[in-house]
Amino acid sequence: MTIASNTLPAEVLADAAARILERVGVPAAGAARVARNLVTADLRGVETHGLIRLRSYVERIEAGGIEADPEITVVRDHPATALLDGGNGLGAVAASAAMDLAMGKAAASGAGLVVVRDINHFGAAADYSLTAAEQGMIGLAATNVLALIAPTGAAVPMVGNNPLSFAFPGDPPVVYDSAMSVSTWGRVLVAAQRGEPLPEDAFLDGDGRPTTDPAAVLDGGTLLPVAGYKGYGLALCVTLLTGVLAGWLSDAELTGHRPHEPGGNTALLGAIDVGAFTDPDGYARRVDRIGAEIRTAPRRPGVDRVWLPGEKETERERERREHGVPVADPVRADLAALAARLGVEIDARLR
């Protein structure tokens, strides 16, 4: 099934999302930051973390599951590290504040690590690691989420498909951003809607048996980790570096994220000042040279191009900034419905 879409400027989409968030009580600066996070995901082709998420954010704010205007507080503070409490606010607001603090600490101490607890879904992790890379630093971002992955040999979920992102300054930056599951719950929902089978070796049913039936996964099933025990191990590492390190909630302790429930997630944001180790310009040149060598490596039959991590997304973002962002009709309908219900004036092309 093909879902129709329209193409609109990123600025139009960000303005509409920010206006809608402001109407439910999010301060202007925070609304703009969340809107940027969502639209950037769509620009980079990561639609699962883009404007498709806006309706759930609004509904959770209205139901009391997310604080629209939280107080972000410092729980612990040291020269190179800090622990923040996000006050159950929108994840992009708290994570951005944490990355800003991490970059400030890196500039002063060579590296900065900030953990922020009691937040909600923070969108695509690459948004934050790229923030550091764009300032000539190495960026790190990770977060724990609701337990969705069965550990190797287990039949039930015990850890989240916890995303981890690194970004390295270069032209373009080298960006790694990946969750730790072979596939996603979103893929299950789409397959169920379209009557399609799921990929093999990606899901278990409620009895812990491999399945390609979306109905069997929705009825108590679970995700499998990417690369088997390696993905499971990395997912557990993210848990121990986020919720557990913050003295907060592990993946298995998080709720089902019903609209009225707090998210309870924790994120780790980090920045490394390249200049504390080597010449920053020389480092960026080496990143570019290594990237060029990888791109020109001999290719296997049928392969047109060797890509660097994040390169496809970067090229897609450049193209969409110039030509517009495809907006699927269901997403546009969500924006229009939210705006109409909340009495928000948005661009006519979205109505």
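Residues numbered from 1 in each chain as written. Predicted model: local features only at pLDDT ≥ 70, side-chain atom pairs only at ≥ 80, totals over all residues. Heavy atoms only, no water.

This paragraph deals with helix α8 (residues 229–241). Taking 1.5 Å of rise per residue, 13 residues should cover 18 Å, and α8 covers 18 Å from first to last C-alpha, within 8% of that figure. All of the buried residues in α8 are Gly 231, Ala 235, Val 238 and Thr 239. Looking straight down α8, one finds its buried side chains confined to an arc of 100°; they lie on one side. Facing away from the buried side of α8 by over 90 degrees, the exposed positions are Tyr 229 and Lys 230. If you follow the buried residues of α8, they end up packed against β5 (137–143) and β6 (164–168). (Helix = DSSP H or I, 4+ residues; strand = E, 2+ residues; numbered from the N terminus. Expected span 1.5 Å × (residues − 1). Buried < 20%, exposed > 50% of the residue type's maximum accessible area, 1.4 Å probe, protein only. Arc of directions from axis to C-beta. Contact = heavy atoms within 4.5 Å.)

Of note, Thr 242 is situated in the loop between α8 and β10 (265–273). On the basis of relative accessible area, Thr 242 is assigned to the buried category, the value being 0%. Discounting residues that sit within four places of it in the chain, Thr 242 has contacts with Val 115, Ala 142, Thr 143, Asn 144, Thr 266, Ala 267 and Leu 268.

Using the criterion set out here, one finds 2 aromatic pairs in the structure. On the numbers, 6.4 Å between centres and 20° between planes, the contact of Phe 166 with Phe 168 is stacked. Among the residues examined, Phe 166 registers a relative accessible area of 30% and is labelled partly exposed. Accessibility expressed as a relative area gives 26% for Phe 168, which makes it partly exposed. Stacked on the ring of Trp 307, the Lys or Arg Arg 305 has its end atom at 3.8 Å from the ring centre. (Phe/Tyr/Trp six-rings, centres within 6.5 Å; stacked < 30°, edge-to-face > 60°. Lys NZ or Arg CZ within 6 Å of the ring centre and 35° of its normal.)

The buried fraction of β10 is high, at 7 of 9 residues. Where strand β4 (residues 111–119) and β10 come together, 7 bridges link them in antiparallel fashion. Each residue of the ladder has a partner; that of Val 116, found in β10, is Ala 267. Bridging between β5 and β10 involves 7 bridges; their strand directions are antiparallel. Residue pairing in the sheet places Leu 140 in a bridge with Gly 270 of β10. (Pairing = 2+ DSSP bridges.)

Here we take up the domain arrangement of the protein. Domain annotation for the protein reports domain 1 (7–63 + 312–350) and domain 2 (73–181 + 225–276). Just the C-alpha atoms count here: the centres of domain 1 and domain 2 sit 23 Å apart. The interface of domain 1 with domain 2 comprises 17 residues on the first partner and 23 residues on the second. Counting each side, the surface lost to burial between domain 1 and domain 2 is near 1500 Å², with a carbon and sulfur contribution of 55%. Three residues stand out in domain 1 for area buried against domain 2, namely Arg 33, Asn 37 and Arg 60, and they jointly supply 37% of the buried area on that side. Seen at the junction of domain 1 and domain 2, the total is 3 salt bridges. Linking Arg 36 and Asp 127 is a salt bridge whose minimum nitrogen-to-oxygen distance equals 3.8 Å. (Domains from an automatic or database assignment. Buried area = accessible area lost by both parts, 1.4 Å probe. Salt bridge = Lys/Arg side-chain N within 4 Å of Asp/Glu carboxyl O.)

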